[in-house]
Amino acid sequence: ADAPSDEMARVIGTAYRLYGALDARGRTALDRLAEQRGRLPVPEQLVLDSLLEGWFSVFEVLRVKLDEAIQLRDVLNKRDLWIQERAASRQVQLGDMIFGWLTVEETGTRLEGAVGHVPAHLAKGFVSGMRRARRALEKERPELSWKKQLGLLALPACELAAEAFAHAPAPQLVNTE
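This report concerns the structure included in the present document.

Reading the values: rules and limits
- Residues numbered from 1 in each chain as written.
- Predicted model: local features only at pLDDT ≥ 70, side-chain atom pairs only at ≥ 80, totals over all residues.
- Heavy atoms only, no water.
- Helix = DSSP H or I, 4+ residues; strand = E, 2+ residues; numbered from the N terminus.
- Rg over C-alpha atoms; globule rule 2.2 N^0.38 Å.
- Buried < 20%, exposed > 50% of the residue type's maximum accessible area, 1.4 Å probe, protein only.
- Contact = heavy atoms within 4.5 Å.
- Areas by Shrake-Rupley, 256 points an atom, 1.4 Å probe, with all protein chains shown as cover.
- Pairing = 2+ DSSP bridges.
- Core = buried A, V, L, I, M, F, W, Y, C linked by side-chain atoms within 4.5 Å.

### Topic: the overall build of the chain
1) Next: Looking only at helices and strands, the chain has 6 helices and 5 strands in total.
2) Next: Here the C-alpha atoms of the chain give a radius of gyration of 17 Å, agreeing with the 16 Å that 2.2 N^0.38 yields for 177 residues.
3) Next: Projected onto its principal axes, the C-alpha coordinates of the chain cover approximately 70 × 40 × 30 Å.
4) Next: Residues counted as buried form 41% of the 177 residues belonging to the chain.
5) Next: Expressed as a percentage of contacts within the chain between residues at least 6 apart in sequence, the contacts between residues at least 24 apart total 54%.
6) Next: A total accessible area of about 10,300 Å² is found for the chain, and carbon and sulfur atoms account for 51% of it.

Dropping the structure here:
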């Protein structure tokens, strides 16, 4: 897998500004939009609802059904779930880590689109760093809901992913003859 790109960081950063960053009153841009919900057309209300039901986290790939779905373990919330996902089902392997936002819709749970990826062989340090960041945030901001706490972890996730790739071991060539 390739190291995280500037594009991935930009996309995660944009999603963070919408779903994770908090204003002085502890609201996200999504929360502020929800205050205007009644003025939105019904299709936009449904999208808003699915985003409000979703959350950011780090997910371990447990099982893959090609072109259909991925079973994930939310490693920060200790729960397993299936998400509907066609494209990523061909891009991930068992043990890989995905980080990003989920949406929860009537038809199922999906990745929002702003997603990062850490391959399994680099996952250990990444996950332990994310767990440390989560514990620190729980102590620093106990007044926030778990979803808002997790939303604040998007930028640290990008930094930890980049660090994991920067310290990746060099591939070992083995002569089998």
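After presenting the structure, the write-up continues.
### Considering the pairing of strand β3 (residues 79–84)
1) Next: Pairing geometry for strand β2 (residues 69–74) and β3, over 6 bridges, is antiparallel. Bridge assignment links leucine 72 to a residue of β3, and that residue is leucine 81.
2) Next: Linkage of β2 to β3, two consecutive antiparallel strands, is achieved through a turn of 4 residues, within which lysine 78 is found at a positive phi near 55°.

### Let's talk about the side chain of threonine 28
1) Next: Note on placement: threonine 28 falls in the loop between α1 (6–20) and α2 (29–34).
2) Next: Every residue in contact with threonine 28, bar those within four places of it in the chain, is listed here: Leu18, Tyr19, Gly20, Ala21 and Leu22.

### A short note on the nonpolar core
1) Next: Counting 46 residues, the largest nonpolar core has Phe56, Val58, Phe99, Phe126 and Met130 as its most contacted members.
2) Next: Broken down by element, the residue count for this core peaks at 7 residues, all from helix α6 (residues 154–166).
3) Next: Contacts of valine 58, omitting those with residues within four sequence positions, involve Arg73, Asp74, Val75, Leu76, Met97, Ile98, Phe99, Phe126 and Met130.

### Examining the environment of proline 169
1) Next: As for its position among the elements, proline 169 is in the segment after α6.
2) Next: The sequence separation of proline 169 and leucine 33 amounts to 136 residues, and the corresponding C-alpha distance is 44 Å.

### Considerations on unusual backbone geometry
Glycine aside, a negative phi is what most residues show, and trans is what most peptide bonds show.
1) Next: Despite not being glycine, aspartate 67 has its phi angle at roughly 60°, a positive value.
2) Next: Among the secondary structure elements, aspartate 67 is positioned in the loop between β1 (56–65) and β2.
3) Next: Take aspartate 67: its relative accessible area is 30%, and that puts it in the partly exposed class.
4) Next: The phi dihedral of lysine 78 is positive, around 55°, even though this residue is not glycine.
5) Next: Turning to its location among the elements, lysine 78 is positioned in the loop between β2 and β3.
6) Next: According to the relative accessible area criterion, lysine 78 is exposed, its value standing at 72%.

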